[in-house]
Amino acid sequence: MSAETAPSYAKPLPVITPENKPFWDACKAGELRMQRCTACGHIRYPINLVCPQCLSAAVEWTRLSGRGTVFSYIVFHQVYHPAYKDDVPYNVAMIQLEEGPRMFSNVVGVSNDSVKVGDVVEVVFDPVTTEVSLPRFRPARVG
Ligand SMILES: [Zn+2]
């Protein structure tokens, strides 16, 4: 990504490839989409050229509910990358999605102290540049 398209976001960004572009395009559109094997139905994540369950290459991009639970999390207090120096402490959470995959993200909208394993969360999208919206999770609304 050039400096022209991301003048103010100084943190590392995903490298968009032909393989992962549908994922990032969906995030930009406010949808969480992942590869679904059309041979066996397995949701592939991380993105892969073949299904890890049945080795089929047949795939479609399917929209997920965006709901899940906090499977695990940690709070970073140390600055491991200078771009994040103003963010510490921040949480990194592994989210168990309803459809099966687990993904790393952050729980937002609550203090780090209140994040708990098992919390029910829903995806929100953080448009950090014009091209990239990062999926993060917030406590799910009740009802
Ligand atoms: Zn499969």
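First things first, this report covers the structure right here in the doc. This structure is a prediction, so every number in the text was calculated from the model and none was measured.

A word on the coordination of the zinc ion
Octahedral six-donor coordination of a metal ideally yields angles of 90 or 180 degrees, compared with 109.5 degrees for tetrahedral four-donor coordination. Within the first shell, the zinc ion binds the protein through C37 (SG), C40 (SG), C51 (SG) and C54 (SG), at distances of 2.2 to 2.4 Å. Its four donor atoms give the zinc ion angles of 102 to 117° at the centre, a pattern that matches the tetrahedral case. Positions of the donor residues of the zinc ion along the chain correspond to the pattern C-x2-C-x10-C-x2-C. You can see C37 sitting in strand β1 (residues 33-37) and its partner C51 sitting in the loop between β2 (43-44) and β3 (59-63), a full 14 residues away along the chain. Owing to a relative accessible area of 0%, C37 belongs among the buried residues under this scheme. On the basis of relative accessible area, C51 is assigned to the buried category, the value being 0%.

Some details on unusual backbone geometry
One can expect most non-glycine residues to show negative phi and most peptide bonds to be in trans. In this structure, the amide linkage connecting Y45 to the following residue, P46, adopts the cis form with an omega of 5°. By the element assignment, P46 lies in the loop between β2 and β3. For the bond from V88 to P89, the omega torsion is -10°, close enough to zero to count as cis. Here P89 is to be found in the loop between β4 (67-76) and β5 (90-97). The phi torsion at L55 lies on the positive side, around 70°, for a residue other than glycine. Note on placement: L55 falls in the loop between β2 and β3.

Re helix α1 (residues 21-28)
Looking only at α1, the buried set comprises F23, W24, A26 and C27. With its buried residues spanning 155° around the axis, α1 presents them on a single face. Contacts made by the buried residues of α1 are with β1, β3, β6 (102-105), β7 (120-127) and β8 (133-139). Phi turns positive, to about 80°, at G30, one or two residues after α1.

Conventions we followed
Residues numbered from 1 in each chain as written. Predicted model: local features only at pLDDT ≥ 70, side-chain atom pairs only at ≥ 80, totals over all residues. Heavy atoms only, no water. Donors = N, O, S within 2.8 Å, 3.2 Å for Na, K, Ca; no water. Tetrahedral: all angles 85-135°; square planar, octahedral: opposite > 155°, others 65-115°. Helix = DSSP H or I, 4+ residues; strand = E, 2+ residues; numbered from the N terminus. Buried < 20%, exposed > 50% of the residue type's maximum accessible area, 1.4 Å probe, protein only. Arc of directions from axis to C-beta. Contact = heavy atoms within 4.5 Å.

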